[in-house]
Amino acid sequence: MAELARIVGVALVAGLVLGCSGSAADHPEAKDQPRHRVVKCIGVIDAIPELVPGYTAYGADGGFVALPSGVLQLGRSGSAVSGHEDYRFAKFGLLVRRSRQASLGIVGAPDGAFLDYGEIKLGSASALTVGPCDTHGPLCEADAAGNAPGWPCGADRGEWLVWAGGIWLNEPGCVEVLASSDDEAIHVWLAVGASCDAEA
């Protein structure tokens, strides 16, 4: 009986240490929990006035996020030192209206899919949040390219801000993403190296 009490006590202490140290997210029991990251406004690479061809806006009043509507091509593989050498990267810009906050979460995909935007650690994010970015970030000066002072440089060119990044998959597939903002939540299917005709 004393041995059982000792085992239970050790388990409780270990649980408290994991919970307080912040390393619980790496515990095997937490592997199915979404890993959420906030992508910083300073990572914006462009501001555009309207959507580029091949993108669809989602949400009321012209949309809060825009995602690719065609089949994304799988490109480079993960490096051997990353632990994700069996994964391939599909690159696409994430477009978000600068006055809105947008969250993306992978809810259905080939095993182990993850997003890669901003300063996200490789393999860590199945969910992310960006924006709003209308008043955040460093100011910039007017330049010869015609960018007006303000943030981000050239933000006066339009309402859609662009982040560079994409998604990693270990096999081609259709990725179901939940896009949300305020009281809106929309399911979007991304065709990554394979068609999504059956799901869309």
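So, here's what we can say about the structure. Treat the numbers as computed from the prediction; the structure is a model and nothing was measured.

1. Notes on the overall build of the protein chain
(1) Moving on: Counting its regular elements, the protein chain contains one helix and 14 strands.
(2) Moving on: Counting every position in the protein chain, which comprises 200 residues, the buried fraction comes to 40%.
(3) Moving on: For the protein chain, the exposed surface amounts to about 11100 Å²; the carbon and sulfur share of it is 56%.

2. Some remarks on the state of the cysteines
(1) Moving on: Enumeration according to the criterion identifies two disulfides in this entry.
(2) Moving on: Here Cys41 pairs with Cys133 through a disulfide, and the sulfurs are 2.1 Å apart. Taking the torsion about the sulfur-sulfur bond, which here is approximately -85°, the covalent link between Cys41 and Cys133 counts as left-handed. Within this pair, whereas Cys41 is found in the loop between strand S1 (36-39) and strand S2 (46-48), its partner Cys133 is found in the loop between strand S10 (127-130) and strand S11 (160-163), the two being separated by 92 residues in sequence. Take Cys41 and Cys133: they sit in the same class, and that class is buried.

3. With respect to the side chain of Arg100
(1) Moving on: On the secondary structure map, Arg100 appears in the loop between strand S7 (94-97) and strand S8 (102-108).
(2) Moving on: Among the polar contacts made by the side chain of Arg100, one reaches the side chain of Ser181 at a distance of 3.2 Å.
(3) Moving on: In this structure Arg100 touches Ala60, Phe64, Val130, Gly131, Pro132, Ser181, Asp182 and Glu184, once residues within four positions along its chain are discounted.

4. Describing the side chain of Asp116
(1) Moving on: Relative to the elements of secondary structure, Asp116 occurs in strand S9 (residues 114-117).
(2) Moving on: It is Arg76 that comes nearest to the buried, bridge-free Asp116 among opposite-charge side chains, at 5.0 Å.
(3) Moving on: Only 2.9 Å separates the side chain of Asp116 from the side chain of Trp168, close enough to count as a polar contact.

5. Considerations on empty space enclosed by the protein
(1) Moving on: On inspection of all chains with the given rule, the structure shows one cavity of 30 Å³ or more.
(2) Moving on: Taken as a whole, the largest cavity encloses approximately 30 Å³ of empty space.
(3) Moving on: Contributing to the lining of the largest cavity are Phe92, Leu104, Leu115, Tyr117, Val177 and Leu190.
(4) Moving on: Here the residues of the lining of the largest cavity sort into six nonpolar, no polar and no charged.

6. Brief notes about unusual backbone geometry
(1) Moving on: Across the junction of Gly131 and Pro132, the peptide omega takes the value -5°, indicating a cis bond.
(2) Moving on: Within the fold, Pro132 resides in the loop between S10 and S11.
(3) Moving on: For Asp61, which is not glycine, the phi torsion reads 55° and is therefore positive.
(4) Moving on: In this fold, Asp61 is placed in the loop between strand S3 (55-58) and strand S4 (65-68).

7. Quick look at the sheet that holds S3
(1) Moving on: Reading across from one edge, S2-S11-S7-S4-S3 is the order of the five strands in this open sheet, with antiparallel pairing throughout. Every interior strand has two partners, whereas the edge strands, S2 and S3, have only one. Within this sheet the neighbouring strands show an average axis-to-axis angle of 30°, counted without direction.

8. As for the environment of Leu104
(1) Moving on: On the secondary structure map, Leu104 appears in strand S8.
(2) Moving on: Once the C-alpha coordinates of Leu104 and Val130 are considered, the two residues, 26 residues apart in sequence, prove to be 8.8 Å apart.

About the thresholds
Residues numbered from 1 in each chain as written. Predicted model: local features only at pLDDT ≥ 70, side-chain atom pairs only at ≥ 80, totals over all residues. Heavy atoms only, no water. Helix = DSSP H or I, 4+ residues; strand = E, 2+ residues; numbered from the N terminus. Buried < 20%, exposed > 50% of the residue type's maximum accessible area, 1.4 Å probe, protein only. Areas by Shrake-Rupley, 256 points an atom, 1.4 Å probe, with all protein chains shown as cover. Disulfide = S-S within 2.5 Å. Polar contact = N/O pair within 3.5 Å; in protein donor to acceptor, adjacent residues only side chain to side chain. Contact = heavy atoms within 4.5 Å. Lys, Arg positive; Asp, Glu negative; His and termini not counted. Salt bridge = Lys/Arg side-chain N within 4 Å of Asp/Glu carboxyl O. 1 Å grid on protein atoms, 1.4 Å probe; cavity = no way out; pocket = protein on both sides within 12 Å on 5 of 7 lines; lining within 4 Å. Points joined across faces, edges and corners; volume = space filled by probe spheres on them. Nonpolar A, V, L, I, M, F, W, Y, C, P; charged D, E, K, R; others polar. Pairing = 2+ DSSP bridges. Axes fitted to C-alpha atoms, helices over the stretch in contact; angles between N-to-C directions.

Nothing here speaks to function; it is geometry throughout.
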